[in-house]
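# An overview of the molecular structure
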Amino acid sequence: MAAAARGSVWEIQPGDVGAAGFGAADAGAFLAALRSAAAAAGPGAAGDAVWAAVAAAGVLRPEHPHALHQLVYYSVYAGWDRAARGPPPYWFPSPTDSRQTNLGRFMEANGPKLLGPAYKDPITSFNLFYKFSVENQEVYWSMVLKQLAVKFQKEPKSILSTSDRSKKGGTWLQGAVLNIAECCLLPCPSLNRTDDSTAIVWRDEGHDDYPVNRMSLKELRSQVITVANALDTMFHKGDPIAIDMPMTCNAVIIYLAIILGGFVVVSIADSFAPQEIGTRMGVSKAKAIFTQDFIIRGGKKVPLYSRVVQGSSSKAVVIPATGDYLGVTLRNGDMSWKDFLCRASGRSSIYSPVYQSVDALTNILFSSGTTGDPKAIPWTQLSPIRCAADTWAHIDVRPQDIFCWPTNLGWVMGPIVLYSCFLNGATLALYHGSPLGRDFCKFVQDAGVTLLGSVPSLVKSWKAGNCVKGLDWTKIRVLGTTGEASDIDDNLWLTSHTSYKPIVECCGGTELASSYIQGSLLQPQSFGAFSGASMSTGFVILDEQGTPYPDDVPCAGEVGLFPLYFGATNWLLNADHDKVYFDGMPIYNGRQLRRHGDIIQRTVGGYYIVQGRADDTMNLGGIKTSSVEIERVCNRADERLLETAAVSIKPAGGGPEHLAILAVLKDRSAQYDVNLLKSKFQKAIQKNLNPLFKVSYVKVVPEFPRTASNKLLRRVLRDQLKQELSNHSKL
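Residues numbered from 1 in each chain as written. Predicted model: local features only at pLDDT ≥ 70, side-chain atom pairs only at ≥ 80, totals over all residues. Heavy atoms only, no water.

Take the overall build of the protein chain next. When helices and strands are counted, the protein chain shows 24 helices and 35 strands. Taken over the C-alpha trace, the protein chain has a radius of gyration of 26 Å; the compact-globule value for 731 residues is 27 Å, and the two agree within 12%. By principal-axis analysis of the C-alpha atoms, the protein chain measures approximately 75 × 70 × 60 Å. The proportion of buried residues among the 731 residues of the protein chain is 56%. Within the protein chain, counting contacts between residues at least 6 apart in sequence, those at least 24 apart form 67% of the total. For the protein chain, the accessible area works out to roughly 29200 Å², and carbon and sulfur atoms hold 50% of it. Charge-centre separation for the protein chain: the mean point of 72 positive side chains lies 1 Å from the mean point of 66 negative side chains. (Helix = DSSP H or I, 4+ residues; strand = E, 2+ residues; numbered from the N terminus. Rg over C-alpha atoms; globule rule 2.2 N^0.38 Å. Buried < 20%, exposed > 50% of the residue type's maximum accessible area, 1.4 Å probe, protein only. Contact = heavy atoms within 4.5 Å. Areas by Shrake-Rupley, 256 points an atom, 1.4 Å probe, with all protein chains shown as cover. Lys, Arg positive; Asp, Glu negative; His and termini not counted. Charge placed at Lys NZ, Arg CZ, Asp CG, Glu CD.)

As structure tokens, this is what we get:
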């Protein structure tokens, strides 16, 4: 940290402000404004009240040095007792703005009827309404469905039926018939969506000084129909068809066309090696694959078609990454994008969508595949409704919003963002290139993005490169993050560039089509923490004997989800669904809980912190802890650190587990005294976590192994380290 935090905000001196990179001439005026704002919280106010007053006053601005934001934030909360009060909040819902959110408007309109005299306002009554949504799912979902652009050809006979006990998650929207892709493509008066509404904005890497491109809903629908017509000349209804390419406009068009035409999308991430592509093509029995000749990333051309050819013999339709002509020679049987589109020539511009039952298969996605074959996870037409409803309620996606979340259709966030935009009347923002640098950040500004999603490693890259300097991100009103544990200081940097807008933390799974815990704009938000369960989602935290802790008790353990979960899978294509998600889970309120595999902590104050997967916990001196918990502390032990990974090693001869910490430096070429780093880690852990935890081994590495979806592979690190230490007889 460039400027050390003082004991409290009142102890900050002009010299501290200057040391934080603020001009000396203006330091006095800034300090006076800061103290005036803090004083508005009242004499002896607690840190949260002081921070709320400072943030509301706008004393800290996006253009101020990050060190100044650090100085003020950490000084305000210097005396905060996390053990007694829980994580400190940085964002607070306002009574006025809360009524303008989707959920706030919904509660104002329906709260008195549903909750009676207990209903007060969206903030005060949020927890009551959440409980109502869990206990009265049929009522909740029948009302939420009307908020989305969902058009049934046959209305459901019921919202939820539990008569078929083989479906532990219940039968949802029984008898409903629709085409979910058509719902994305039609005008919707209730969402103010017309044919002229902007459906997609995008920019190609390398064109960063050009205006952003725009596609209307009418243009999107026309292009989707063209692709669907071409598909009809080559495939049979129900055929699985893969997409392995970046999330470009063409990828989105192909995705919607496959589903509009009654085919099934097979989602494959564009980062996979040939063997991984082949595995997914084989498991899904895909008849063909759409791909690109290359991927353009950071000015480099990364081969993609060649990987597809090595991995699969299925027919490929190949799209040029740039221009109109392919940069590769196609093998026999493969087809250029141009030739594929020509097959639609002469066919009608009016297309009849294939209407199917709500539980018809539309998309095959895959788990990360960190152990064995990846699970093939089916998405039905329920799944898009679930993910769009969750982002409606939690991220507050509204008509005319511009929503950007750099991702890929091979990962669950790709379809989630696509459906969240098109079923909520928002515009999808796509950057055709690398999201790691300033060019992407400039696109966010130029496109007028109002909702921006990320993963923590992406934020870390933007922060390390100071990529937002000189840009205006203040149009952003909500931020989102998922994928791995967030870093507190990185998120402080991120939200400061938007004038302290809320960051909605999301944690879920492909098989849930949603997040089971996430933030809400009707609750205070704290860095790196979730403020509650998703609407209509119930869960308990289990102790080591599988007994649920009481709902209001701070605790940590494995999460058990209530099984009646709208949009969750009830079968897998290549695994035993019951064995994976239900076997061995306890019965709760007459129903078997659903396994998710996360260890979560409920803190004082009711926040939740994900402590990693159940297999990422460790026992140190008889005390159970998680890798994530240790990493949070170690990441802040030295400003030269980019990230850390904590694993435990069991000695070959038995005995207690040893704690090993691996570190990646911001400057990969720098030399660092490992013993000094070990000492810093030890002090940080003793001070902030547990004085009994001992760091046994530290190693600096150039990078960490990750899945293609960027999740840290601690299992691989653990195995590598165990082998290395065994060879050197360190243990």
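Before going further, it helps to examine the UniProt feature "transmembrane region" (unreviewed entry) in the protein chain. UniProt annotation of "transmembrane region" (unreviewed entry) refers to residues 252-273 when read in the numbering used here. Here residues 252-273 runs as 41% helix and 18% strand, with 22 Å between its end C-alpha atoms. (UniProt positions renumbered as here; feature names shortened; annotations may be inferred.)

As a further point, take the packing of aromatic side chains. Summed over all chains, the structure comprises 30 aromatic pairs. Look at Y77 and W80: their rings are 5.3 Å apart centre to centre, the planes differ by 85 degrees, and that puts the pair in the edge-to-face class. Look at Y77 and you get buried, because its relative accessible area is 9%. For W80, a relative accessible area of 14% translates into the label buried. Here F106 and W392 contribute two aromatic rings whose centre-to-centre distance is 5.6 Å and whose plane-to-plane angle is 90 degrees, an arrangement assigned as edge-to-face. Separated by 286 residues along the polypeptide, F106 in helix α7 (residues 102-115) and W392 in helix α16 (residues 382-395) bring together distant segments of the chain. (Phe/Tyr/Trp six-rings, centres within 6.5 Å; stacked < 30°, edge-to-face > 60°.)

Relative to the elements of secondary structure, N466 occurs in the loop between α19 (456-464) and β20 (478-481). Counting along the chain gives 27 residues from N466 to W493, while the straight-line C-alpha distance between them is 9.9 Å.

What follows concerns α7. Counted at 1.5 Å a residue, the expected span for α7 with its 14 residues is 20 Å, and the 18 Å between its end C-alpha atoms agrees. Along α7, the sharpest change in direction is near 50 degrees and occurs at A109; proline P112 comes one to four residues later. Buried residues of α7: N102, L103, G104, F106, M107, N110, G111, L114 and L115, and no others. Of the surrounding secondary structure, the elements contacted by the buried residues of α7 are α6 (95-98), α8 (126-135), α9 (137-144) and α16. One or two steps after α7, the chain reaches G116, where phi turns positive at roughly 70 degrees. (Expected span 1.5 Å × (residues − 1). Bend = angle between axes of the 7 residues up to and from the residue.)

Within soluble globular proteins, side chains that are nonpolar tend to cluster in buried spots. Formed by 178 residues in total, the largest nonpolar core has its most connected members in I200, L256, F422 and W462. At eleven residues, helix α12 (residues 249-260) tops the list of elements feeding residues into this core. For I200, the residues in contact, after removing those within four places along its chain, are N213, R214, M215, L220, C249, V252, F422, T427, L428 and L430. Core analysis: the next-biggest nonpolar cluster, separate from the first, contains 20 residues, A646, I661, Y672 and A684 among them. (Core = buried A, V, L, I, M, F, W, Y, C linked by side-chain atoms within 4.5 Å.)

Time to look at unusual backbone geometry. With a phi close to 65 degrees, D396 is a non-glycine residue in the positive phi region. Taking relative accessible area as the criterion, D396 reaches 1% and is therefore assigned buried. The phi dihedral of S499 is positive, around 65 degrees, even though this residue is not glycine. When you line up the elements, S499 lands in the loop between α20 (488-496) and β21 (503-509). Relative accessible area serves as the criterion here: at 35%, S499 is assigned to the partly exposed category.

Where strand β10 (residues 294-297) and strand β11 (residues 300-303) come together, four bridges link them in antiparallel fashion. Bridged to I295 within β11 is V302. Two successive antiparallel strands, β10 and β11, enclose a turn made up of two residues, where G298 displays a positive phi of approximately 60 degrees. (Pairing = 2+ DSSP bridges.)

We now examine the sheet that holds strand β8 (residues 264-267). Think of a sheet as strands paired side by side through backbone hydrogen bonds, with each pair either parallel or antiparallel. Spatial strand order, β13-β12-β9-β7-β8-β15-β16: seven strands in an open sheet with mixed pairing. Each having just a single partner strand, β13 (335-336) and β16 (376-380) make up the two edges of the open sheet. Pairing geometry for β8 and strand β15 (residues 361-366), over two bridges, is parallel. Across the sheet, residue V265 finds its bridge partner in β15, namely N363. Helix-sheet contacts for helix α13 (residues 274-284) involve β7 (240-244), β8, β9 (288-292), β15 and β16, and the interaxial angle to β15 is about 145 degrees. (Axes fitted to C-alpha atoms, helices over the stretch in contact; angles between N-to-C directions.)

Before going further, it helps to spend a moment on the sheet that holds strand β34 (residues 658-665). On the basis of which strands lie adjacent, the open sheet formed by three strands has the order β33-β34-β35 and mixed pairing. Taken across any chain shown, the strands that pair with only one partner, and hence form the sheet edges, are β33 (641-649) and β35 (695-700). If you compare each strand with its neighbour and ignore which way they point, the axes differ by 20 degrees on average. Pairing of β34 with β35, which is carried by five bridges, proceeds in the parallel orientation. Bridged to A660 within β35 is Y697. Across the sheet, helix α22 (residues 627-634) is in contact with β33 and β34; its angle to β33 comes to roughly 145 degrees.

Next up on the list: the environment of R714. Relative to the helices and strands, R714 resides in helix α24 (residues 714-727). Along the backbone, R714 and R347 are 367 residues apart, and their C-alpha atoms lie at a distance of 53 Å. There is a polar contact of 2.9 Å between the side chain of R714 and the side chain of E631. (Polar contact = N/O pair within 3.5 Å; in protein donor to acceptor, adjacent residues only side chain to side chain.)

In terms of burial, β33 is largely enclosed, as nine of its nine residues are buried. In this structure, β33 lies alongside β34, joined through eight bridges in antiparallel fashion. Along β34, the bridge assignment pairs T644 with A663.

Take S267: it is sitting in strand β8. Polar side-chain contacts of S267 include one of 3.0 Å to the backbone oxygen of L409.

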